[in-house]
Amino acid sequence: MTQPVRLAINGATGRMGQALLALVKDDARFSLVAAIASPDSSKLGRPVDTCEGALSFTHEWPAADALDVVVDFSGPAGLAEALTYCESHGVALVTGTTGLDATFAQRLSASSSRIALLRAANFSLGVAVLTRLLRQAAAALPDWDLDIIEAHHNRKEDAPSGTALALGEAAADARGTSLRESAVYAREGRVGPRTQGTIGFAVVRGGDIVGEHELLLMGQGERLELVHRATDRSIFARGALEAAHWLSGREAGDYDLDAMLAERSSR
Ligand SMILES: NC(=O)C1=CN([C@@H]2O[C@H](COP(=O)(O)OP(=O)(O)OC[C@H]3O[C@@H](n4cnc5c(N)ncnc54)[C@H](OP(=O)(O)O)[C@@H]3O)[C@@H](O)[C@H]2O)C=CC1
Ligand SMILES: O=C(O)C1=N[C@H](C(=O)O)C[C@H](O)C1
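Residues numbered from 1 in each chain as written. Chains lettered and ligands numbered in written order. Predicted model: local features only at pLDDT ≥ 70, side-chain atom pairs only at ≥ 80, totals over all residues. Heavy atoms only, no water.

The name given to the protein chain in an unreviewed UniProt entry is 4-hydroxy-tetrahydrodipicolinate reductase, and the organism recorded there is Dyella kyungheensis. Under the heading Function (unreviewed entry), UniProt records this for the protein chain: "Catalyzes the conversion of 4-hydroxy-tetrahydrodipicolinate (HTPA) to tetrahydrodipicolinate." On record in UniProt, under Subunit (unreviewed entry), the comment for the protein chain is "Homotetramer." (UniProt positions renumbered as here; feature names shortened; annotations may be inferred.)

In the vicinity of ligand 2 there are 13 residues, among which His152, His153, Lys156, Gly162 and Thr163 approach most closely. Between ligand 2 and Thr98 there is a distance of 3.4 Å, counted from an oxygen atom to a side-chain nitrogen or oxygen. Contact between ligand 2 and His153: an oxygen atom at 2.9 Å from a side-chain N or O atom of the residue. When isolated, ligand 2 has an accessible area of 320 Å², and the protein chains bury 84% of it. When the residues that make up the shell around ligand 2 are grouped by side-chain class, the tally is three nonpolar, eight polar and two charged. Of the domains in this structure, domain 1 (5-123 + 234-265) and domain 2 (125-230) are the two that each give at least three residues to the shell around ligand 2. (Near = heavy atom within 4 Å. Polar contact = N/O pair within 3.5 Å; in protein donor to acceptor, adjacent residues only side chain to side chain. Areas by Shrake-Rupley, 256 points an atom, 1.4 Å probe, with all protein chains shown as cover. Nonpolar A, V, L, I, M, F, W, Y, C, P; charged D, E, K, R; others polar. Domains from an automatic or database assignment.)

Moving on: the UniProt feature "active site" (unreviewed entry) in the protein chain. Summarizing the sequence annotation, UniProt attributes the feature "active site" (unreviewed entry) to His152 and Lys156 in the numbering used throughout. Residue placement: His152 occurs in strand 7 (residues 145-152). For His152, the contacting residues outside a window of four places in its chain are Ser161, Val204, Arg205, Gly206, Ile209, Val210, Gly211 and His213. Of note is the side chain of His152, whose polar atom sits 2.8 Å from the side chain of Glu150. Ignoring anything within four residues of it in the chain, the contact list for Lys156 reads Thr98, Ser161 and Arg205. (Helix = DSSP H or I, 4+ residues; strand = E, 2+ residues; numbered from the N terminus. Contact = heavy atoms within 4.5 Å.)

So this is what it looks like as structure tokens:
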């Protein structure tokens, strides 16, 4: 029988951390070794309700050789700590943390020569398919205007969402350009007519919206709308756990969900 994957969850007290804990509890593929909380968390030392028994929220990372993979949904500071741990212990890392600056993104890319790394701004299957559809539509309709509208709960810290930015990158790439060249993040006042080829972003924050992404491709006399609505964040947690299981034991490299889905569908 194969041994369960030894897992740590970083950001375990957060919304995604809680969703992950709820799933791991009943998933025999994993053995939860650590539930890492922030150094200031009021939950430090409090028990985690898992089938493993005596596990408490902690900010202490496990000793060497105790882990196969870390799943991180914390924030830039938490991810930096997870990355340092994974690099020094050769542990695989799955991260969904968004709102990272370019320097951090480069540090992540560099780390993939030392560890197996899988990052995704969105772990839902629906957004993976939406990204493919957008690539197709953006390439087929190169002159149409594209705006990306996203909506999230009122606790979200980064904007636009990581998913909106990744969708924008995919569309720009499909049109042979980059988001850096084409993104418009704000419109206010007398902005004048739209510059062709730009990709606009609009952000909504409120209530308990789990995550919505609406893509508007606008032509003359017609428009195409592609929409994804997440109604339960366990979809992201499930996707991240699939990724953790798939990544565990792999050689160092920069992996993404497409690689995982492509490998699975070819079986
Ligand atoms: N890729 C995807 O599919 C998804 C990505 N996300 C992204 O995941 C991230 C987390 O989202 P969400 O769960 O909603 O946010 P939360 O704020 O609910 O959770 C983040 C948690 O990380 C904890 N934390 C902060 N610093 C550290 C640290 N140094 N070490 C360990 N834990 C730490 C926080 O603790 P405290 O509150 O005590 O500071 C908090 O409990 C965001 O970047 C979000 O955009 C979210 C959903 C899906
Ligand atoms: O913070 C969230 O909640 C989410 N963040 C991710 C993002 O920034 O795209 C993914 C999802 O939409 C939920």
